[in-house]
Amino acid sequence: MNTIKTQATSTQATTQEIYERVSVSSELTFPAAPFPRKYVHSVFNDLQDAVQAMLALLVAGYAASDIHLMTGEHFMEAVARRQTLLSFLFSFDYDVYLQEARRGRFILAVRLSGYEQMNQVRDLVAPYHAHLMKYVDTWTMTELLP
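Model, not experiment: these values are computed from the prediction.

Asks: Got a sec to walk through the nonpolar core? Specific residues and values, please.
Replies: Ranked by size, the top nonpolar core spans 23 residues in total, and within it Phe 44, Leu 57, Leu 108, Leu 112 and Val 125 carry the most contacts. Of all the elements in the fold, those that place two or more residues in this core are β1 (39–44), α2 (47–59), β2 (67–71), β3 (106–111), α6 (118–125) and β4 (131–136). The biggest single contributor to this core is α2, with six residues. If we ignore the near neighbours within four places in the chain, the residues touching Leu 57 are Tyr 62, Ile 67, Leu 108, Val 110, Val 121, Leu 124 and Val 125. Core analysis: the next-biggest nonpolar cluster, separate from the first, contains nine residues, Ala 78, Tyr 97, Leu 98 and Ala 101 among them.

Asks: Could you give an account of the sheet that holds β2, naming the residues involved and the relevant values?
Replies: Judged by pairing direction, the sheet is antiparallel, and its five strands sit side by side in the order β2-β3-β1-β4-β5 without closing on themselves. If you trace the sheet from one side to the other, it starts and ends with β2 and β5 (141–143), each paired once. Strand after strand, the sheet turns through a mean of 20° between neighbouring axes, direction not considered. For β2 and β3, the ladder comprises five bridges, and the chain directions are antiparallel. Pairing of Thr 71 across the sheet is with Phe 106, part of β3. The sheet contacts of α2 involve β1, β2 and β3, and relative to β2 the element is tilted by about 170°.

Asks: Could you give an account of the packing of aromatic side chains, with specific residues and numbers?
Replies: Tallied over the full model, the rule gives two aromatic pairs. Consider the rings of Tyr 115 and Tyr 135, whose centres lie 5.7 Å apart with planes at 75°: the pair is edge-to-face. Here Tyr 115 is found in the loop between β3 and α6, whereas its partner Tyr 135 is found in strand β4, with 20 residues between them in sequence.

Asks: Any chance you could break down helix α5 (residues 95–102) for me, citing the residues and the numbers?
Replies: The α-helix winds at 3.6 residues per turn, so residues separated by three or four positions along the chain end up facing the same way. For α5, the complete set of buried residues consists of Tyr 97, Leu 98, Glu 100 and Ala 101. The buried residues of α5 occupy an angular sector of 165° when the element is viewed end-on, so they sit on one face. Remark: Gly 104 follows α5 within two positions and exhibits a positive phi of approximately 85°.

Asks: Describe the environment of Ala 109, with residues and values.
Replies: Position of Ala 109 among the secondary structure elements: in strand β3. Under the relative-accessibility criterion, Ala 109 is labelled buried at 4%.

Asks: Could you give an account of the pattern of salt bridges, with specific residues and numbers?
Replies: Scanning the model with the defined rule gives three salt bridges in all. Note that Glu 100 and Arg 103 form a salt bridge whose closest N and O atoms lie 2.6 Å from each other. Across the pair Arg 105 and Glu 100 runs a salt bridge, and its minimum N-O distance is 3.2 Å. What you see here is one network of salt bridges that share partners, running through Glu 100, Arg 103 and Arg 105.

Thresholds applied
- Residues numbered from 1 in each chain as written.
- Predicted model: local features only at pLDDT ≥ 70, side-chain atom pairs only at ≥ 80, totals over all residues.
- Heavy atoms only, no water.
- Core = buried A, V, L, I, M, F, W, Y, C linked by side-chain atoms within 4.5 Å.
- Buried < 20%, exposed > 50% of the residue type's maximum accessible area, 1.4 Å probe, protein only.
- Helix = DSSP H or I, 4+ residues; strand = E, 2+ residues; numbered from the N terminus.
- Contact = heavy atoms within 4.5 Å.
- Pairing = 2+ DSSP bridges.
- Axes fitted to C-alpha atoms, helices over the stretch in contact; angles between N-to-C directions.
- Phe/Tyr/Trp six-rings, centres within 6.5 Å; stacked < 30°, edge-to-face > 60°.
- Arc of directions from axis to C-beta.
- Salt bridge = Lys/Arg side-chain N within 4 Å of Asp/Glu carboxyl O.

If you want it as structure tokens, here you go:
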């Protein structure tokens, strides 16, 4: 998957510089297993806001390989590819994200190395108009309110 391939060195980068160094996934797959578990998922109406949120995550020390941004169209196609009986039984409800994807929104997923990062990710992306934030663990899903 073509994910973010940049390392941010400061929060002083302009939006144009960020656009030049950050890419949105162009492949129609989700991040590697065990996706969607252990990820914070969020929706952005605007690509600029999503890119700014990604920069904030990078500056805070999150690895670029753990941050995945998909266009709405690519998210819908990736979900369609994962819709097997087994994935249905062990996945979370994608309906709310599919509705947002159909509206042309951007879906950001951040892989966590520990449960304690859940609120930190929420606090980092919320200022950039992230909404519908949820942490998906192996057996539970937690709604993250800003």
